[in-house]
Amino acid sequence: MPAEEFVAGWISGALGLVLGHPFDTVKLLGFFKGMSFPIASIAVVNSVLFGVYSNALLVLTATSHQERRAQPPSYTHVFVAGCTGGFLQAYCLAPFDLIKVRLQNQTEPRAKQPGSPPPRYRGPVHCAASIFQAEGTRGLFRGAWALTLRDTPTLGIYFVTYEWLCRQFTPDGQNPSSGTVLVAGGFAGITSWVAATPLDVIKSRMQMAGLKQRAYGGLLDCMVSSARQEGLGVFFRGLIINSARAFPVNAVTFLSYEYLLLSWG
Ligand SMILES: CN(C)C(=N)NCCC[C@H](N)C(=O)O
């Protein structure tokens, strides 16, 4: 199994993450104050995504990354490989994503302040340990099912959008220019987040259910009761910030991924 795609995925995920840092800080109220935890976690998840995607295409089309410009895979193969990468990355992402959502929704300040209640979670590691103590390993995978439903098709869409846009602006058999990769990567990010946002909202609610007294009968119950109480607009919460963040993050992720694989030959 070629490993360079995993390494390129890790490095490009880390670079995208640095670029998305200002958006994440706004969105996550300081979860990403330090960079070491997200780089150690989210970049690893990106490595799984790109590594599995490329190896799935190798199995489906018998072509390596370098051969795919001369023999482009069909969009069906790209979609299936993207869904496979999305499915596996969702399981790796699940515990990290749960910690992110729990910290994001914590209203008490993280450092103890006079007169305020002590924070439930003091940071990512303390949050993971507390969830594990209270709810066991299963607790750490709360919401993983919704995450899988969110990421499997949307990562298929992500890679199809990227490939389609690259092919529109690149003569047959040639590598796309840096400008094309940036634009195609950016739009792939936006398209995938537009498709993912409704399930992203539901997933976050289910991940919070272990903490709040609100329990849902399942994914469908969460969807129906959220829509009944707050209207259909609830499924598009966070869409603007997700999209604004997605363009630069994914433009840089794809540019560095392509560049690294090209320079490694
Ligand atoms: C759930 N969705 C839509 C995705 N995971 N899309 C792929 C983008 C991944 C990138 N690290 C980012 O955070 O935008």
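Quick caveat: nothing in here was measured; it's all calculated off a predicted structure.

This part takes up the site of the ligand. Near the ligand the following residues occur: Arg 150, Asp 151, Leu 155, Tyr 158, Ser 192, Trp 193, Ala 196, Arg 245 and Asn 250. Note that a nitrogen atom of the ligand is positioned 3.3 Å from one of the side-chain N or O atoms of Ser 192. Here an oxygen atom of the ligand sits 3.0 Å away from a polar atom, N or O, in the side chain of Asn 250. The fraction of the free accessible surface of the ligand (380 Å²) that becomes covered by protein chains is 90%. Going through the elements one at a time, helix H5 (144-168), helix H6 (178-208) and helix H8 (239-263) are the ones with two or more residues in the shell around the ligand. Top contributing element to the shell around the ligand by residue count: H5, with four residues. Along the lines of polarity and charge, the residues of the shell around the ligand split into four nonpolar, two polar and three charged.

One can describe the packing of H6 onto helix H7 (residues 219-230) by two numbers: an axis separation of 10 Å at closest approach and a directional angle of 105°. By the angle class used here, H6 and H7 are roughly perpendicular. Across the interface between the two elements, Leu 199, Ile 202, Arg 205 and Met 206 from H6 touch Leu 219, Cys 222, Met 223, Ser 226 and Glu 230 from H7.

In this numbering, the UniProt entry assigns the feature "transmembrane region" (unreviewed entry) to residues 6-23 and 35-54. Note that residues 6-23 is 100% helix and 0% strand, and that its end C-alpha atoms are spaced 25 Å apart.

One pass over the full model with this rule turns up twelve salt bridges. Asp 97 is paired through a salt bridge with Lys 100; the nearest N and O atoms lie 3.3 Å apart. Of this pair, Asp 97 and Lys 100 both sit in helix H3 (residues 75-104), three residues apart, which is roughly one turn of the helix. With a relative accessible area of 4%, Asp 97 lands in the buried category. Under the relative-accessibility criterion, Lys 100 is labelled buried at 18%. Put simply, Asp 97, Lys 100, Arg 150, Asp 151, Asp 200 and Lys 203 are held in one network by salt bridges that share partners.

What counts, and at which threshold
Residues numbered from 1 in each chain as written. Predicted model: local features only at pLDDT ≥ 70, side-chain atom pairs only at ≥ 80, totals over all residues. Heavy atoms only, no water. Near = heavy atom within 4 Å. Polar contact = N/O pair within 3.5 Å; in protein donor to acceptor, adjacent residues only side chain to side chain. Areas by Shrake-Rupley, 256 points an atom, 1.4 Å probe, with all protein chains shown as cover. Helix = DSSP H or I, 4+ residues; strand = E, 2+ residues; numbered from the N terminus. Nonpolar A, V, L, I, M, F, W, Y, C, P; charged D, E, K, R; others polar. Axes fitted to C-alpha atoms, helices over the stretch in contact; angles between N-to-C directions. Parallel < 35°, antiparallel > 145°, perpendicular 65-115°, else oblique. Contact = heavy atoms within 4.5 Å. UniProt positions renumbered as here; feature names shortened; annotations may be inferred. Salt bridge = Lys/Arg side-chain N within 4 Å of Asp/Glu carboxyl O. Buried < 20%, exposed > 50% of the residue type's maximum accessible area, 1.4 Å probe, protein only.

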